[in-house]
Amino acid sequence: MKKLKVIEDFNFTTGPRYIREGANSGEEFRINVLYPKVKEAITNKCVLEIDLDGAAGYGTSFLEEAFGGLIRENNLSYNAINSHIKIISTEEEYLIEDIDEYMKDAQNEKDKSN
């Protein structure tokens, strides 16, 4: 199992949705950290454990852009992502369900546009 720990692989403090809005954005996290690691997990048919614990907090826009963006911007499917990631959040367990909803919503939007 591969591991991604946000505070070690990205930053202790997360920022806004887009790069143009400020430092440590969800877009920057997705482009530079999350997408390459998720793509690698899918290619290698393994599970990527994503540990959210220890960060100063997560804004909705950061998480939606990072995880929903995998589907909207990087053209991955919900099923491919979901079968290759395991999200860890013992400090804020509700984030796991929130992220799943962001990905499902992005997949539904993508399906409607096709």
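Look a little higher up for the structure.
Residues numbered from 1 in each chain as written. Predicted model: local features only at pLDDT ≥ 70, side-chain atom pairs only at ≥ 80, totals over all residues. Heavy atoms only, no water.

Asks: Looking at this structure, I do not really get unusual backbone geometry. What am I missing?
Replies: Peptide bonds are mostly trans, and most non-glycine residues show a negative phi. Positive phi outside glycine occurs at K45, with the angle close to 55 degrees. Its place among the elements puts K45 in the loop between α2 (26–43) and β2 (48–51). Of note, the phi angle at N75 is positive, near 60 degrees, even though the residue is not glycine. With respect to the secondary-structure elements, N75 resides in the loop between α3 (60–72) and α4 (78–82). (Helix = DSSP H or I, 4+ residues; strand = E, 2+ residues; numbered from the N terminus.)

Asks: What exactly am I supposed to notice about a negative patch on the surface here?
Replies: Together, E97, E101, D105 and E109 make up a negatively charged patch on the protein surface. With respect to the element layout, D105 can be found in helix α5 (residues 94–113). Residue classification places D105 among the partly exposed positions, given a relative accessible area of 39%. (Patch = residues over 30% accessible without salt bridge, like charges linked within 9 Å, V, L, I, M, F, W, Y side chains within 5 Å. Areas by Shrake-Rupley, 256 points an atom, 1.4 Å probe, with all protein chains shown as cover. Salt bridge = Lys/Arg side-chain N within 4 Å of Asp/Glu carboxyl O. Lys, Arg positive; Asp, Glu negative; His and termini not counted. Charge placed at Lys NZ, Arg CZ, Asp CG, Glu CD. Buried < 20%, exposed > 50% of the residue type's maximum accessible area, 1.4 Å probe, protein only.)

Asks: What is the right way to look at the packing of α2 against α3 in this model?
Replies: Packed helices, taken two at a time, are described by their axes: the angle between them and the distance between them. In the contact formed by α2 and α3, the axes pass within 9 Å of each other and the chain directions differ by 40 degrees. One finds that α2 runs oblique with respect to α3. Two packed elements cross with a definite hand, and for α2 against α3 that hand is right-handed. In contact with G26, E27, F29, R30, L34, Y35 and V38 of α2, α3 contributes F62, E65, A66, F67, G69 and L70. Partitioned by chemical class, the residues of the contact of α2 with α3 number eight nonpolar, two polar and three charged. (Axes fitted to C-alpha atoms, helices over the stretch in contact; angles between N-to-C directions. Parallel < 35°, antiparallel > 145°, perpendicular 65-115°, else oblique. Left-handed = near helix turned anticlockwise from the far one by under 90°. Contact = heavy atoms within 4.5 Å. Nonpolar A, V, L, I, M, F, W, Y, C, P; charged D, E, K, R; others polar.)

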